[in-house]
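So the chains spell out like this:
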Amino acid sequence: MPDTRKDVLQTQFSERRTDGTSKGKGYFGELVRPDGSVSTEISIGVPIGGKETLIPSMVPTLNKAELEELLSLPEGKIPSLVIRQKAQTFAEERMKNGLPFFASPDEEGQSIVPEK
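Below you will find a few notes about this structure. On a predicted model such as this, the values are computed, not experimentally measured, just so you know. (Residues numbered from 1 in each chain as written. Predicted model: local features only at pLDDT ≥ 70, side-chain atom pairs only at ≥ 80, totals over all residues. Heavy atoms only, no water.)

Looking only at helices and strands, the protein has two helices and five strands in total. Reading the protein from its N end, one meets helices and strands in the order β-β-β-β-β-α-α. Of all 116 residues assigned to the protein, the portion counted as buried reaches 42%. Contacts in the protein between residues far apart in sequence, at least 24 positions, make up 60% of those at least 6 positions apart. Of the roughly 6,600 Å² of accessible surface on the protein, 56% is carried by carbon and sulfur atoms. (Helix = DSSP H or I, 4+ residues; strand = E, 2+ residues; numbered from the N terminus. Buried < 20%, exposed > 50% of the residue type's maximum accessible area, 1.4 Å probe, protein only. Contact = heavy atoms within 4.5 Å. Areas by Shrake-Rupley, 256 points an atom, 1.4 Å probe, with all protein chains shown as cover.)

Before going further, it helps to examine the side chain of T53. Within the secondary structure layout, T53 lies in strand β5 (residues 51-56). Here the side chain of T53 touches K51 through a polar contact of 3.1 Å, landing on its backbone oxygen. Those residues within four positions of T53 in sequence are excluded, and the remaining contacts are I44, G45, V46, I48 and F101. (Polar contact = N/O pair within 3.5 Å; in protein donor to acceptor, adjacent residues only side chain to side chain.)

What follows concerns the packing of helix α1 (residues 64-72) against helix α2 (residues 81-96). Contact geometry of α1 with α2 gives a least axis separation of 10 Å together with a crossing angle of 105°. Viewed along their axes, α1 and α2 adopt a mutual orientation that is roughly perpendicular. Taking contact as the criterion, the partners of E66, E69 and L70 in α1 are, on α2, V82, I83 and K86. Grouping the amino acids of the contact of α1 with α2 by side-chain chemistry returns three nonpolar, no polar and three charged. (Axes fitted to C-alpha atoms, helices over the stretch in contact; angles between N-to-C directions. Parallel < 35°, antiparallel > 145°, perpendicular 65-115°, else oblique. Nonpolar A, V, L, I, M, F, W, Y, C, P; charged D, E, K, R; others polar.)

The element strand β4 (residues 43-48) is extensively covered by neighbouring structure, given that five of its six residues are classed as buried. Note that β4 and β5 share six bridges and pair antiparallel. Note on β5: the bridge partner recorded for I48 is K51. The antiparallel hairpin formed by β4 and β5 contains two residues in its connecting segment, where G49 sits at a positive phi of about 60°. (Pairing = 2+ DSSP bridges.)

What follows is the structure, encoded as C-alpha cells:
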C-alpha cells in the first residue's frame with residue numbers, strides 16, 4: 001500500500017525551515033551531498049499528537065546507509081518509511097523528555113556519522 005501522507009521535505013541547506021523557523025546545523029553538522037551542496041536537518045512533516053509536525057530526519061539513530069540515502073535524495077523526494085519512523089520515534093522520545101525536536105546549539109554537530 002503506498003504512503004499517501006503529504007510529508008513536508010526540505011533537503012537543501014537554508015536559514016529557514018518550511019515553517020519559517022530558523023534552522024541550525026543539525027545533530028551531524030553540515031554534511032556534503034553528492035552534488036556538493038550541504039544538508040543539516042532535512043526536515044519532514046509527521047503526525048505527532050494528532051497534528052502534522054516538522055521534525056529533522058537526520059537524527060543520531062540512523063545508520064550509515066540511511067544517512068547516505070537522505071543525502072542522495074533529490075529535492076522534493078520523501079525519505080524511506082524506515083527513516084521516517086526512526087525520525088518520528090526520536091522526536092517523540094525528545095518530546096517526552098521535554099527537549100526540542102531539532103538539535104539545540106550545544107548538540108549541533110555533536111553526533112558522529114556512523115561507520116556502518
